[in-house]
Amino acid sequence: MYEQISANKWKSGLMMVFFVAFVVGIGYVIGLAWGGTSHPQYAFIGLGIAVVIALTMSLVSYYRSDKVALRVSGAAPVEQYMNDPNWRALAIRFDNAVEGLAIAAGLPKPAPYVIYDEAPNAFATGRNPDHSAIAVTTGLLTMMNDQELQGVIAHEMSHVKNYDILIMTMTIVLVGTVILMSDIFLRTFWFGGDSDSDSDSGEFGIIMLVVAIVFAILAPIIAQLIKLAIGRKREYLADANGALLTRYPPGLANALGKIGGDNRQLRRANKATAHMYIAQPLKTEKGNKGGRLNSLFDTHPPIEDRIRRLNEMAGSFQEVQPGQVPV
Amino acid sequence: MVWVIVAIVAVVVLLAAFIAMLFNRLVRFRNRVENAWHQIDVQLNRRADLIPNVVETVKGYASHERETFEAVTQARSAIMNAKSVGESAQADGMMTQALKSLFAVAEAYPDLKANQNFLALQEELAGTENKIAYARQFYNDSVMAYDIARQKFPANMIAGMFNFKEQREYFEPETAAARELPKVSFTAPSSPEPPAPTAPPAQ
């Protein structure tokens, strides 16, 4: 548990360093290519701009990315739902579950948020347990019974406790920036550039173009790999720790079953935020060619496998204390 | 000669650092137990605060169920006056039992069951009940972690030297009756899955 936390903090720092190096490198190359041989000093302008961007984005990703994540997913504070008579009961139940599981995990209560969407899903965000939030969709609130809801929230609570939220949420802003940068990079070469450099740069220009294309192709792949590295194992871990919090693995297992059986697409999810959710929000079409490759890029382990592991866990929880199973 | 002194000083410094580390670890675990206990206390008091309202509401419909009210009120004051973990646990068990019979009584009064105020109270009690269960779980886990930490070698020597001897009580229901899973329908009164609204909330 504690190794997991320090590993996550360490990885977050490392990711930031890589991110800064990557952005600065790209900035330098863009400047170099733009100036061509006639204006080599442009490289340093590019470098300077890139340093500013990289540092700003790193700070933003640390301090603000939870707000970005909530905004992007369209989440509203639960209080808004509590004031609506139609939603009141569900909102209170959700709020109670968050508070209860925060107590069980010995953490401060994360801010509960609700996303108006019929597809059942949930995520946790924030930079540490003192600044954290748990968001669920209205679909999840209506579909799940008490035990299943608590299972899902326990899973998210483990992400909060493990500091998974820090690395997962920072990824959104950092990876988003990398993808944006590689886009700009491509455009610089299709439309921009010093007109002189076309004629007199010659070989140098071609090399730069090749480097540019390689960078542009690599960037999204690197971004994907980062997400993979941080994504799949921690889902199993959060499942296990979540089951430990509720002392009732079937709750989460049933919830995952319901989520997996639902084919609706989460409207506000996209590739940059997909890894945050409890289960893959973007449904991949079956029978797709290159299914193997797709599964390689999945942000989550297969749901059947997660359910199987939870059911195996259930065997070790035979002795259930009175009152500990939320009725 | 100088080297011997340096070596001795180094060993002493390392030993002191090691002891300090173990000591701080024990302090951390002990504080977690304190904090966990505080969480239970908060939830128990929150539930106790709801009781007068519940009793008043039920009295309005079933004034003659005197014994039931007395049991609940007694359990409430037991919780308020509990001094130790054991006493609190016992009072909590009493309260769970008393509420169980109170809500069993309420079953016989359809008007009461339809009362909005009563339903809201029931819902709030259910939420608190759940939080007590989780607080209890966290407390017992913390006590266990503390016990393990202070009984392990070499931390047990530090625990002996300083003030970590005191055994913390587990929060456990005392009576066999309280061990039973309360059958009270504390959950959403109508159906386990409330009807799904279809509109987003008003801003």
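Reading guide: rules and limits
- Residues numbered from 1 in each chain as written.
- Chains lettered and ligands numbered in written order.
- Predicted model: local features only at pLDDT ≥ 70, side-chain atom pairs only at ≥ 80, totals over all residues.
- Helix = DSSP H or I, 4+ residues; strand = E, 2+ residues; numbered from the N terminus.
- Buried ≥ 20, exposed ≤ 12 C-beta atoms within 10 Å, placed from the backbone.
- Contact = placed C-beta atoms within 7 Å.
- Pairing = 2+ DSSP bridges.
- Axes fitted to C-alpha atoms, helices over the stretch in contact; angles between N-to-C directions.
- pLDDT = per-residue confidence, 0-100.
- Core = buried A, V, L, I, M, F, W, Y, C linked by C-beta atoms within 7 Å.
- Arc of directions from axis to C-beta.

(A) The overall build of chain A, seen in detail. Helix and strand counts for chain A stand at 13 helices and four strands. The buried share among the 327 residues of chain A stands at 47%. Relative to all contacts within chain A whose residues are 6 or more apart in sequence, the contacts with residues 24 or more apart total 72%.

(B) Structural view of the overall build of chain B. A tally of regular secondary structure across chain B gives seven helices and zero strands. Burial statistics for chain B: of 203 residues in total, 32% are counted as buried. Across chain B, every contact between residues at least 6 apart in sequence was considered, and the portion connecting residues at least 24 apart equals 80%.

(C) Here's a closer look at the environment of Y61 of chain B. Residues and elements named next belong to chain B. Note that Y61 resides in the loop between helix 1 (2-59) and helix 2 (66-81). Given 17 C-beta atoms within a 10 Å radius, Y61 is considered partly exposed. Those residues in contact with Y61, other than ones at most four positions away along the chain, are Y109, D111 and L112.

(D) How the structure looks around unusual backbone geometry. Looking along the chain, the bond that leaves F153 of chain B and enters P154 of chain B is cis, with omega of 0°. At Y163 of chain A, a position not held by glycine, the phi torsion is positive, near 65°. Structurally, Y163 of chain A is set in the loop between helix 7 (146-161) and helix 8 (164-191). In the Ramachandran plot, R247 of chain A falls in the positive-phi region, its phi being about 55° despite a non-glycine side chain.

(E) Broad picture of the environment of K233 of chain A. With respect to the element layout, K233 of chain A can be found in helix 10 (residues 203-246). Exposure remark for K233 of chain A: the 12 C-beta atoms within 10 Å place this residue in the exposed category.

(F) Layout of the sheet that holds strand 2 (residues 111-115) of chain A. All names here are of chain A. Reading across from one edge, 1-2-4-3 is the order of the four strands in this open sheet, with mixed pairing throughout. Two strands close off the open sheet at either side, each with one partner strand: strand 1 (75-77) and strand 3 (122-128). Neighbour-to-neighbour, the strand axes of this sheet turn through a mean angle of 30°, independent of strand direction. Judged from the three bridges that link them, strand 1 and strand 2 form a sheet pairing that is antiparallel. Directly across from A76, in strand 2, lies its bridge partner V114.

(G) Molecular detail of the confidence of the model for chain A. Residues and elements named next belong to chain A. Scored by pLDDT, chain A comes out at a mean of 79, with 73% of its residues at no less than 70. Overall, residues 195-200 carries pLDDT values under 50, and its contacts beyond four positions in sequence, including any with other chains, amount to 10 contacts. Scored below 50 in pLDDT, residues 318-327 makes 20 contacts in the model with residues more than four places away or belonging to other chains.

(H) The arrangement of the nonpolar core in detail. Judged by nonpolar contacts, the single largest core of 109 residues is most densely connected at F94, L101, V114, A135, V136, V152 and I153 of chain A. The greatest single-element share of this core, amounting to 11 residues, is contributed by helix 5 (residues 88-105) of chain A. Other than its neighbours up to four places away in sequence, F94 of chain A contacts V78, P112, V136, L141 and L149 of chain A. One finds L22, L26, A159 and F164 of chain B within the second-largest nonpolar core, a separate group that totals five residues.

(I) Spatial organisation of helix 3 (residues 65-73) of chain A. Three or more residues of helix 3 of chain A are buried, namely S65, D66, A69, L70 and S73 of chain A. Viewed end-on, helix 3 of chain A has its buried residues packed into an arc of 140°, placing them on one side of the element.

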